[in-house]
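Structural characterization, general
These are the residues of each chain, in order.
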Amino acid sequence: MSDMDMEDVMNYLVDRRADDLPPQAFSGTFMSLSWYLAPEGDKILAVARKWLTLDDEYRVAVALGLDEVFPADSRAELVELAASVRERFPALAGPAEEWLERWDRAFGGG
């Protein structure tokens, strides 16, 4: 992508979404694209990590839905990130907690 970077593309798509499009629709699309696009795949995940720190509930929900990867490199980071999401967006506490459960299943406990 020479003229636009991946973050611009992702923001463009989300900003122009249909009013009733659930965040999970983008989560699935972005997750698939992260596997399909060799060098850009890592950029998609980096943008999603950034979105988790924003005060935009829709973008946070999209990032939370990328369920084939972890948005942190350690359990401690994941705990911190989940707490931040819970505090800013109580409605998203469940998906944030699911990360911890998946981490514990994948890596053996907390």
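The notes below deal with the structure included here.

Here's the deal with the packing of aromatic side chains
Two descriptors summarise a pair of aromatic rings, namely the distance from one centre to the other and the angle between the planes of the rings. All chains considered together, the criterion is met by six aromatic pairs. Plain terms: the ring middles of F26 and F30 are 5.5 Å apart, the flat faces sit at 25° to each other, and that makes the pair stacked. Of the two residues, F26 and F30 are both situated in helix α2 (residues 23-36); the distance of four residues between them amounts to about one turn of the helix. Ring centres of F70 and F107 lie 5.8 Å apart, and the angle between their planes is 50°; on these two criteria the pair is classed as tilted. With F70 in the loop between α4 (57-64) and α5 (75-88) and F107 in helix α6 (residues 93-107), the pair connects residues that are 37 residues apart, well separated along the chain.

Structural notes on the packing of α5 against α6
Between two packed helices, what matters for the description is the angle formed by their axes and the separation of those axes. Relative orientation of the contacting elements α5 and α6 amounts to 170°, with a least axis distance of 8 Å. The orientation of α5 with respect to α6, classified from their angle, is roughly antiparallel. Between α5 and α6 lies a crossing whose hand is left-handed. Listed contacts from α6 to R75, L78, V79, L81, A82, V85 and R86 of α5 are A93, A96, E97, W99, L100, W103 and D104. Taken together, the residues of the contact of α5 with α6 sort by class into ten nonpolar, no polar and four charged.

Re the packing of α2 against α4
At a minimum axis distance of 8 Å, the contact between α2 and α4 shows a crossing angle of 45°. The angle between α2 and α4 places the two elements in the oblique class. In terms of crossing hand, the pair formed by α2 and α4 is right-handed. Of α4, the residues touching α2 (which contributes P23, F26, S27 and F30) are Y58, A61 and V62.

Side note on the environment of D73
Structurally, D73 is set in the loop between α4 and α5. A residue is classified by how much of its surface remains accessible, and D73, at 58% relative accessible area, is exposed. Among the polar contacts listed, one links the side chain of D73 to the side chain of R49, at a separation of 3.1 Å.

Definitions and limits used
- Residues numbered from 1 in each chain as written.
- Predicted model: local features only at pLDDT ≥ 70, side-chain atom pairs only at ≥ 80, totals over all residues.
- Heavy atoms only, no water.
- Phe/Tyr/Trp six-rings, centres within 6.5 Å; stacked < 30°, edge-to-face > 60°.
- Helix = DSSP H or I, 4+ residues; strand = E, 2+ residues; numbered from the N terminus.
- Axes fitted to C-alpha atoms, helices over the stretch in contact; angles between N-to-C directions.
- Parallel < 35°, antiparallel > 145°, perpendicular 65-115°, else oblique.
- Left-handed = near helix turned anticlockwise from the far one by under 90°.
- Contact = heavy atoms within 4.5 Å.
- Nonpolar A, V, L, I, M, F, W, Y, C, P; charged D, E, K, R; others polar.
- Buried < 20%, exposed > 50% of the residue type's maximum accessible area, 1.4 Å probe, protein only.
- Polar contact = N/O pair within 3.5 Å; in protein donor to acceptor, adjacent residues only side chain to side chain.

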